[in-house]
Amino acid sequence: MPTPDAREERLRRLLAAVPDVMAELDLDHVLERIVSAAVTLVSARWGALGVIAPDGRLERFVHVGMAPPEVAAIGHLPEGHGILGAVIDEGEPIRLAHLDEDPRSVGFPRHHPHMDAFLGVPIRIRGMVFGNLYLTNQDGGPEFSEEDQRLVASLAGVAAIAIENARLFDEQVRRERWSSALAEVTAALLSEDTVDILAVLAERVASVIDSELVCVIVPDGEDDGVPMLRVDTARGVGAEELVGRRYSAEGTLSGRAIATGELASTESGPGESVLRDGRPSAAIALPVRAGDDVLGALSVYRREDAPRFTDAERAMAGEFAQQAGIAIELGRGRADRQRLALVEERARIARDLHDHVIQRLF
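None of these values were measured; they are calculated from a predicted model.

A. The nonpolar core, seen in detail. By size, the foremost hydrophobic cluster in this structure holds 33 residues, and its most contacted members are Leu31, Ile34, Leu49, Ile123, Leu133, Leu135 and Ile163. Secondary structure elements with two or more residues in this core: α2 (27-42), β1 (46-52), β4 (118-125), β5 (128-136) and α5 (146-190). The element contributing the most residues to this core is α2, with 10 residues. In this view, Ile123 contacts Leu49, Met128, Val129, Phe130, Gly131, Asn132, Leu133, Ala156, Ala159, Ala160 and Ile163; residues no more than four positions away in its chain are not counted. Grouped together as the second largest cluster of nonpolar side chains are 27 residues, Ala181, Ile197, Phe320 and Ala324 included.

Rendered as structure tokens:
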């Protein structure tokens with residue numbers, strides 16, 4: 001049982017954590033500060049904060065206490081199963097003296113450090129569970145007390161406000177960047193100058209949506225009856241080597257988007273490792289349309305361990321895909337006008353020659 005002095009010290013820690021957490025507006029930094037404050041508050045060995053996606057899985061997992069070699073040995077981050085999933089499903093705190101004695105404690109990777117005492121507390125925003133704080137101790141470490149649970153729950157209440165503020169700020173910044181990017185793409189579309197509109201569009205997508213690579217991919221005929229695709233435009237890691245590359249549409253993300261006319265993502269099927277040198281990645285591909293015709297796909301790639309694409313990012317990518325369709329149609333229209341102008345010029349020259357020949361004959 002903690003002494004009054006110990007309780008007072010812990011309350012001072014909680015109060016000291018409030019301005020530190022509230023002062024930050026970048027969401028990722030807010031999450032890191034919350035986890036660090038929780039670990040310090042109850043003297044935990046490890047701490048983590050899982051952000052819950054709309055489908056109930058974890059879309060972000062921020063953790064402290066593990067060395068980089070340990071993280072590398074574990075491999076992929078948790079997806080919200082086992083005891084972590086139980087905190088998500090129940091939406092209530094879970095406190096365990098010994099983690100491995102609970103039947104819900106399953107799914108730990110082979111090289112995961114052994115954890116004993118466990119405390120999981122939900123973070124609620126406007127009545128909805130945004131994420132959960134997870135705290136653990138090693139074998140022989142102290143169990144978490146009821147007072148620990150109350151302190152972490154109080155921190156979770158402060159964290160909810162800080163997260164909501166960071167989200168609103170992030171949304172405002174994103175909207176401003178989105179509006180500016182769309183304005184630049186629209187200006188390029190309306191310009192009479194020779195501008196690579198798809199290149200402008202790919203650059204703007206990369207500036208607004210966190211990504212490693214953005215491509216506009218178009219159909220390019222068939223080889224022995226197999227539909228082929230071609231990278232028309234690319235911006236990002238390895239983009240220069242990708243432009244102009246042809247590859248089979250079979251089993252690819254962009255191929256699915258073009259064939260179905262619907263968004264395709266690595267969350268629902270295999271990705272496009274042919275463009276990533278075999279490296280796995282998180283990706284989405286959206287059909288680029290002109291009326292009912294699908295002209296190609298706008299594909300956005302990010303690291304496999306990066307956060308999943310949010311609904312807002314999908315909406316932004318969809319807006320840019322519409323702009324890409326307009327750009328391709330304008331490009332085709334300009335090419336047609338240039339061909340028509342060339343035909344008219346040749347016809348004029350032919351008429352002039354004809355008139356000249358007739359005059360010479362007479």
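B. Just the layout of surface pockets, in detail. Roughly 1,200 Å³ of internal volume is contained in the largest pocket. Forming the walls of the largest pocket are 39 residues, and the residues nearest its centre are Leu27, Glu59, Arg167, Arg174 and Thr310. Top contributing element to the lining of the largest pocket by residue count: α5, with 8 residues. In terms of residue class, the lining of the largest pocket is built from 21 nonpolar, 1 polar and 17 charged.

C. Up close: α2. For α2, with 16 residues, the first-to-last C-alpha span of 23 Å sits near the 22 Å given by 1.5 Å per residue. Among all positions of α2, only Leu27, Val30, Leu31, Ile34, Val35, Ala37, Ala38, Val39, Leu41 and Val42 are buried. In the segment just after α2, Ser43 is the residue with positive phi, at about 55°.

Cut-offs used in this document
- Residues numbered from 1 in each chain as written.
- Predicted model: local features only at pLDDT ≥ 70, side-chain atom pairs only at ≥ 80, totals over all residues.
- Heavy atoms only, no water.
- Core = buried A, V, L, I, M, F, W, Y, C linked by side-chain atoms within 4.5 Å.
- Buried < 20%, exposed > 50% of the residue type's maximum accessible area, 1.4 Å probe, protein only.
- Helix = DSSP H or I, 4+ residues; strand = E, 2+ residues; numbered from the N terminus.
- Contact = heavy atoms within 4.5 Å.
- 1 Å grid on protein atoms, 1.4 Å probe; cavity = no way out; pocket = protein on both sides within 12 Å on 5 of 7 lines; lining within 4 Å.
- Points joined across faces, edges and corners; volume = space filled by probe spheres on them.
- Nonpolar A, V, L, I, M, F, W, Y, C, P; charged D, E, K, R; others polar.
- Expected span 1.5 Å × (residues − 1).

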